[in-house]
Amino acid sequence: MNWRRLWALCRKESFQIVRDPSSILIAFILPVALLFILGYAVNLDSAHIRLGLLNQDGGAAAQSLAATFHGSPSFEVKPVKSRAELDAMLAHGKIRGAVIIANDFSRNWQRRSGAIQLLTDGAEPNTANFVAAYAQGVWLQWQQAEADEHGQAPPPAIVVEQRLWFNPSAESPNFLVPGTIAIVMTIVGALLSSLVVAREWERGTMEALLSTPVSRAELLLSKILPYYVLGIAAMLLCLLVAVFVMQVPFRGPLWLLWLMSSLFLANALGMGLFLSTVMRTQFDAAQAALTAGYLPALMLSGFVFEIASMPTPLQWLTRILPARYFASTLQTLFQAGVIPSLLWFNAGSLIALGAFWLGQTVRKTRRTLD
């Protein structure tokens, strides 16, 4: 290993990065754009759900219940005048659920036997579950208020105090943004490194490099180190945007974030260099990096879809995806801080997968033209 020669190669690669606008675009503009798009567009919270309300009873109890639904922050209530109008709005997607208060509700409620009918749009099961849960909450809230007002019910024997650990505000961006950073870093690391060796072959400069005394280790390190620095800079930019712009709390130590990011970049850069070495054209290498890196990371990392809910073969497939362990690590550091057992497992998995990808890159890199 000649350190002077390695330094010269790293400087040469750094100059290529600075002179290539696409590298700066991928490293700094693309992460911020994707962070905002995925961080704000993907939202698991359901607030202000459009709810139709058909009140067929003019009694005091029915009017009070209708007012409670109107006052709920979870619903955007749209009063309707007939069942036909309600069915039409539900069929056309103008509302996601409907509450029907029958014309004998107030009379039945005086005998403590009142009931309401709830309809939900099952075409979107997740939203339908939200509608059912929120409507039940409004119904129970109204019953408790009626009982308190008339002194009809004793205080409950059991009081449930709900506490949400790690994400007390129950805001989905606090969970989704760290996972989004893992997806962004997958794209940045794999896509940038997938172009470097292929670019040398396309420009005809690889023959010049191979005619020099540069060793295989020096050649690979000169391709990895500059893009590692670029990847860490992109990670720092994502962290600043997430914390100071998107208001996502970060509870872990920065040194641990740097360490886990370095382990993940070893995987992303190793995979990108492997594809670049095998493909030898920038277009093919970039397409392969997006297909092998971005899509599996988005769908199978647990970023949006729960891994435990996937079929067993897919659950086993996720074990070979570095993004799974990095997304879990980021969500832990952002929301919970340091959980040693989980972080050690993720670190060991990233080390094993990184050794595999870097080993494959070393095996495929030869000082020959064929």
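The structure displayed is predicted, hence computed values, not measured ones.

A. Local environment of the overall build of the protein chain. Each helix and strand counted, the protein chain has 14 helices and four strands in total. By the compact-globule yardstick of 21 Å for 370 residues, the protein chain is too spread out, its C-alpha radius of gyration being 28 Å. Residues classed as buried in the protein chain amount to 46% of the 370 residues present. The contacts in the protein chain between residues at least 6 apart in sequence include a share of 79% that link residues at least 24 apart. Total accessible area computed for the protein chain in this model is approximately 19000 Å², and 63% of it derives from carbon and sulfur atoms. Here the protein chain carries 27 positive and 22 negative side-chain charges, and the mean point of each set is 12 Å from the other.

B. Spatial organisation of the pairing of strand E3 (residues 97–101). Counting buried residues along E3, five of its five residues qualify, which places the element largely inside the surrounding structure. Of the two faces of E3, both are covered, the one formed by Gly97, Val99 and Ile101 as well as the one formed by Ala98 and Ile100. Bridge count for E3 against strand E4 (residues 117–120) is four bridges, and the pairing is antiparallel. For Gly97, the partnering residue across the bridge sits in E4 and is Thr120.

C. Structural detail: the packing of helix H2 (residues 21–41) against helix H7 (residues 173–203). Their axes nearest at 9 Å, the elements H2 and H7 cross at an angle of 155°. Of the possible angle classes, the one that applies to H2 and H7 is roughly antiparallel. Of the two possible hands of crossing, H2 and H7 adopt the one that is right-handed. On the side of H2, the interface is formed by Ser23, Ile26, Ala27, Leu30, Pro31, Leu34, Leu35, Leu38 and Gly39, while H7 contributes Pro173, Val177, Thr180, Ile181, Val184, Ile187, Val188, Leu191, Leu192 and Arg199. Classifying every residue of the contact of H2 with H7 by side-chain character gives 15 nonpolar, three polar and one charged.

D. Summary view of the pattern of salt bridges. Across all of its chains, the model carries six salt bridges by this definition. Here Arg5 ties to Glu218 by a salt bridge, and the two come within 2.8 Å at their closest N and O atoms. Of the two residues, Arg5 is situated in helix H1 (residues 3–19) and Glu218 in helix H9 (residues 216–245); the sequence distance between them amounts to 213 residues. Arg5 sits in the partly exposed class, given a relative accessible area of 27%. The class of Glu218 is buried, set by a relative accessible area of 1%. Across the pair Arg83 and Asp87 runs a salt bridge, and its minimum N-O distance is 3.0 Å. Remark: Asp87 and Arg83 occur in helix H4 (residues 83–91); sequence separation between them is four residues, near one turn of the helix. Overall, the relative accessible area of 36% leaves Arg83 in the partly exposed class.

E. Spatial organisation of helix H14 (residues 340–364). The end-to-end C-alpha distance of H14, which contains 25 residues, comes to 36 Å, matching closely the 36 Å that a straight helix rising 1.5 Å per residue would cover. Buried within H14 we find Leu343, Asn346, Ala347, Ser349, Leu350, Leu353, Gly354, Trp357, Gln360 and Thr361. Residues of H14 that are buried sit in contact with H9, helix H10 (254–279) and helix H13 (322–335).

F. Structural detail: a nonpolar patch on the surface. Residues Phe36, Tyr40, Leu236, Leu240, Phe244 and Val245 make up a contiguous nonpolar surface patch of roughly 600 Å² in combined accessible area. For the nonpolar patch, the element with the most residues is H9, which contributes four residues. Following the sequence through the fold, Phe36 ends up in helix H2. In this structure Phe36 comes out as partly exposed when scored by relative accessible area, which is 30%.

G. The sheet that holds E4, seen in detail. Spatially, four strands are ordered E2-E1-E3-E4 in an open sheet, and the strand pairing comes out mixed. Here the strands that pair on one side only, and so sit at the sheet edges, are strand E2 (75–80) and E4. Ignoring strand direction, the axes of neighbouring strands in this sheet form an average angle of 25°. Pairing between strand E1 (residues 49–55) and E3: five bridges, direction parallel. Along E3, the bridge assignment pairs Asn55 with Ile101.

H. Local environment of the confidence of the model for the protein chain. Mean pLDDT over the protein chain stands at 83; residues scoring 70 or higher make up 91%. Averaged over each element, pLDDT in the protein chain is lowest for helix H8 (residues 206–210) (69) and highest for H13 (92).

I. Here's a closer look at the packing of aromatic side chains. Counted by the stated rule, this structure contains 14 aromatic pairs. Plain terms: the ring middles of Trp109 and Trp142 are 4.8 Å apart, the flat faces sit at 45° to each other, and that makes the pair tilted. Of this pair, Trp109 sits in helix H5 (residues 105–110) while Trp142 sits in helix H6 (residues 125–150); the two residues are 33 residues apart in sequence, bridging distant segments of the chain. Their ring planes at 20° and their centres at 5.7 Å tell us that Trp139 and Trp142 sit as a pair that is stacked. With Trp139 and Trp142 both in helix H6 and three residues apart, this pair spans about one turn of that helix. With respect to burial, Trp139 and Trp142 carry one shared label: buried.

Conventions and cut-offs
Residues numbered from 1 in each chain as written. Predicted model: local features only at pLDDT ≥ 70, side-chain atom pairs only at ≥ 80, totals over all residues. Heavy atoms only, no water. Helix = DSSP H or I, 4+ residues; strand = E, 2+ residues; numbered from the N terminus. Rg over C-alpha atoms; globule rule 2.2 N^0.38 Å. Buried < 20%, exposed > 50% of the residue type's maximum accessible area, 1.4 Å probe, protein only. Contact = heavy atoms within 4.5 Å. Areas by Shrake-Rupley, 256 points an atom, 1.4 Å probe, with all protein chains shown as cover. Lys, Arg positive; Asp, Glu negative; His and termini not counted. Charge placed at Lys NZ, Arg CZ, Asp CG, Glu CD. Pairing = 2+ DSSP bridges. Axes fitted to C-alpha atoms, helices over the stretch in contact; angles between N-to-C directions. Parallel < 35°, antiparallel > 145°, perpendicular 65-115°, else oblique. Left-handed = near helix turned anticlockwise from the far one by under 90°. Nonpolar A, V, L, I, M, F, W, Y, C, P; charged D, E, K, R; others polar. Salt bridge = Lys/Arg side-chain N within 4 Å of Asp/Glu carboxyl O. Expected span 1.5 Å × (residues − 1). Patch = residues over 30% accessible without salt bridge, like charges linked within 9 Å, V, L, I, M, F, W, Y side chains within 5 Å. pLDDT = per-residue confidence, 0-100. Phe/Tyr/Trp six-rings, centres within 6.5 Å; stacked < 30°, edge-to-face > 60°.

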